[in-house]
Amino acid sequence: MTNILCIGAGYVGGPTMAMIAKQCPQHRVTVVDINQQRIDAWNSDKLPIYEPGLLEVVQVARGRNLFFSTEVDKGIVEADIIFVSVNTPTKTFGRGAGKAADLQYWEKTARQIVKNATGPKIVVEKSTLPVRTAHAMERILNHNPSDIHFDVVSNPEFLAEGTAIRDLEAPDRVLVGGRETESGQKAIQAVADVYAEWVPRERIITTNLWSSELSKLVANAFLAQRISSINAISALCEKTEANVNEVAHAIGTDSRIGSRFLRSSIGFGGSCFKKDILNLVYLCESYGLTEVAEYWEQVVKINDYQKTRFVTNIISTMFNTLAGKRIALLGAAFKADTSDTRESASLDVCRGLLEEHAQVILSDPHALKNAKADLGDLAEQIIFEPDPYKAAQDAHAIGLMTEWKMFADLDYQKVYDSMVKPAFIFDGRNILDHQKLFEIGFNVYPIGKSPLSHLDEEGNWQ
Ligand code: NAD
Ligand code: UGA
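Residues numbered from 1 in each chain as written. Chains lettered and ligands numbered in written order. Predicted model: local features only at pLDDT ≥ 70, side-chain atom pairs only at ≥ 80, totals over all residues.

Turning our eyes to something else, we now look at the nonpolar core. Ranked by internal contacts, the top residues of the largest apolar core, which has 58 residues, are Ile82, Val123, Val124 and Val191. For this core, the element with the most residues is helix α8 (residues 182–195), which contributes 6 residues. Residue contacts for Ile82: discarding those within four places in its chain leaves Leu5, Ile7, Ile76, Ile113, Lys121, Val123 and Val124. Residues Ile398, Leu400, Val415 and Met419 belong to the second largest nonpolar core, which totals 49 residues. (Core = buried A, V, L, I, M, F, W, Y, C linked by C-beta atoms within 7 Å. Buried ≥ 20, exposed ≤ 12 C-beta atoms within 10 Å, placed from the backbone. Helix = DSSP H or I, 4+ residues; strand = E, 2+ residues; numbered from the N terminus. Contact = placed C-beta atoms within 7 Å.)

Taken together, 27 residues surround ligand 1, and among them Gly8, Gly10, Tyr11, Ser127 and Thr128 come closest. With 3 residues, helix α5 (residues 104–116) is the largest single contributor of residues to the shell around ligand 1. (Near = placed C-beta within 6 Å.)

With that settled, the discussion passes to helix α13 (residues 345–355). The complete set of buried residues in α13 reads Ala345, Ser346, Leu347, Asp348, Val349, Cys350 and Leu353. Each element contacted by the buried residues of α13 is listed here: α12 (290–317), β9 (326–330), β10 (359–363), α14 (368–375) and β12 (397–400). At the exit of α13 stands His357, carrying a positive phi of roughly 65 degrees.

The assigned domain composition of the chain is domain 1 (3–199) and domain 2 (208–462). A straight line from the C-alpha centre of domain 1 to that of domain 2 covers 33 Å. Across the boundary between the two partners, domain 1 contributes 29 residues, which contact 27 residues of domain 2. For the side of domain 1 that touches domain 2, the secondary-structure elements that each account for two or more residues are α6 (133–142) and β7 (174–178). Looking at the side of domain 1 that touches domain 2, the element that brings in the most residues is β7, giving 4 residues. Tallied by class, the residues present in the side of domain 1 that touches domain 2 amount to 15 nonpolar, 8 polar and 6 charged. (Domains from an automatic or database assignment. Nonpolar A, V, L, I, M, F, W, Y, C, P; charged D, E, K, R; others polar.)

Taken together, 20 residues are adjacent to ligand 2, and Arg263, Ser265, Phe268, Gly270 and Cys272 come closest. For the shell around ligand 2, the leading source of residues is helix α9 (residues 209–240), giving 3 residues. Per-class residue counts for the shell around ligand 2 are 11 nonpolar, 5 polar and 4 charged. Both of domain 1 (3–199) and domain 2 (208–462) provide at least three residues apiece to the shell around ligand 2.

The structure is reproduced here in structure tokens:
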């Protein structure tokens, strides 16, 4: 039996450890966090995050070989392998503010491990970290008075929210990086062996520490780059009567390009893409690689441009004034099938509309609580309405923000009948049947596609 500990019971720590516990009944898996409320939720059937299929996985192992607790020190003493999955947000202060990763939580954890450990341990970087963080961690861990040896292994996580269980059950790959020393190689093997219980060996890639750390940042940068690329093209499509969906399909059938991650949208959100690219940009800058830094920063700039463009388009379409107009935003989560609203493009659109003094009604099946918290003081100005039909009632416009299936399946005739006319719909995800909406009577504004409008240039009904 191996005693596995995970420090950090968030979107990554909880699901990954639940999967390990489910697949490896011979190991004991404990997940600890300083947040009592989170741990209580993990110990209940109302988990702290909404993720399809997660509760079922947790229920298989919880109480058998999966435990959630706030006893961090005790967990450290007992563990053979410690995964550290604490948050690594963008630094908001001092040198590198706005770009560099804030490693204070990680470093605190490393110090806590040294303080409590009574024997050798493998410490696994599960959080996403700047390349060469392991070097600093090794120094903190291995300079201890008791001469206890720690091996640092990098094992970044590639799950996406909303599909976390599928991603963990059948990952494209598991990446494990470590030192080339004998004990480093043994540590890599120990971590790889855990995954090998259910992941085919050929999908477990082992590398040196730095390749592993850097690959995680690069994977997110490449994924986000595809979205910014198609979103940049969506702006050109709107000027030229090309259709971005058709362009994405036409280029995506080239197997060298591939069809995935080419859905044009209001912009990517989520806690990681922006943070990880800015982290990469900062690293490049600090190594003097200015051109490389500028190249990657452009991915974030285009994403900001796409969000701003969406709001600008709403304003100009609705006769250059939104003051007092009711606008129903369908979706607060940064993507479908999650309750997560971190860096959600929907909330940025929301802020942009509030600046214009619009009355915003925000609707989402699972993310309203998080949205309210993320919007802070602005939340007071917003109406939160889980029922999309009620949200749309008496609205001048609808903005489709998150691609929840329930929003695609709405009865849009019923929605239209309850709205103020002329009724506008801005499809920020291109998931609706635009022709059908137009025939119902809506003025339809997709992304990267010519609008379907009943109004002429002066705003008169045609
Ligand atoms: P999160 O904020 O949901 O969870 C982090 C948890 O760590 C929190 O519950 C926090 O209370 C806890 N924590 C912080 N300091 C602690 C300490 N000293 N002791 C014990 N617990 C502590 O974050 P997350 O989304 O799970 O992300 C964690 C890491 O994984 C980040 O580096 C992120 O970049 C990376 N990552 C995230 C995703 C994702 O989909 N969210 C995917 C891949 C990688
Ligand atoms: C992303 C990566 O896909 C994961 O591999 C990675 O582990 C994770 O970040 C991380 O490091 O946190 P996630 O952010 O959960 O996962 O979700 P994605 O499916 O990647 O979507 C990110 C954003 O891009 C969402 O706002 C989504 O709506 C948007 N998106 C995605 C598009 O606008 N178009 C697309 O074609 C795909």
